[in-house]
Amino acid sequence: MILSIDPSAAVPVSEQIAEQIRFAIATGRLEPGEKLPSVRGLARDLLVNPNTVAKVYRDLEREGILRTRPGSGAFVADDAGESCVEESRRIAAEALSNGVTKGVAAGMKAKEIRELVTRCLGRSKNHV
């Protein structure tokens, strides 16, 4: 599992990590039952405090996305996929809505916004 964070982003690091884990589950890059990196290992890879990763794992466990086994680590919950797909779609819809709002505020016409969305879809590697 490869995650990346942007420490200078407005979104807190813990939210970036949680969102990327949810997205990895939603897209099937993380499968039900799959083990996540250890708290210390992920913290080392991302250059963050282990407490940050531990908090993310605890929060995701409370949401039913992860299951932890003492001494064994954190694993993707068997039924995590659907809620991760829903959350990923909600986040994408919110980002698109914010983008449209900013475009309108910048004076873009509906036709320009549609063309921009079409171009973005064309550049997307996952677009079907």
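Figured I'd write up the structure that's included with this text. Just so you know, these numbers come straight off a predicted model, no measurement behind them.

What counts as what
- Residues numbered from 1 in each chain as written.
- Predicted model: local features only at pLDDT ≥ 70, side-chain atom pairs only at ≥ 80, totals over all residues.
- Heavy atoms only, no water.
- Pairing = 2+ DSSP bridges.
- Helix = DSSP H or I, 4+ residues; strand = E, 2+ residues; numbered from the N terminus.
- Salt bridge = Lys/Arg side-chain N within 4 Å of Asp/Glu carboxyl O.
- Buried < 20%, exposed > 50% of the residue type's maximum accessible area, 1.4 Å probe, protein only.

## Some words on the pairing of strand 2 (residues 73-76)
As paired elements, strand 1 (residues 66-69) and strand 2 share 4 bridges and run antiparallel to each other. The residue of strand 2 that forms the bridge with Thr68 is Ala74. Hairpin geometry of strand 1 and strand 2 is characterised by an intervening segment of 3 residues between the two adjacent antiparallel strands and by a positive phi of about 85° at Gly71.

## Structural notes on the pattern of salt bridges
Across all of its chains, the model carries 5 salt bridges by this definition. A salt bridge links Lys55 to Asp59; the nearest nitrogen and oxygen atoms lie 2.7 Å apart. Here Lys55 and its partner Asp59 are both found in helix 3 (residues 50-62), 4 residues apart, which amounts to about one turn of the helix. Judged by relative accessible area, Lys55 falls into the partly exposed class, the value being 38%.

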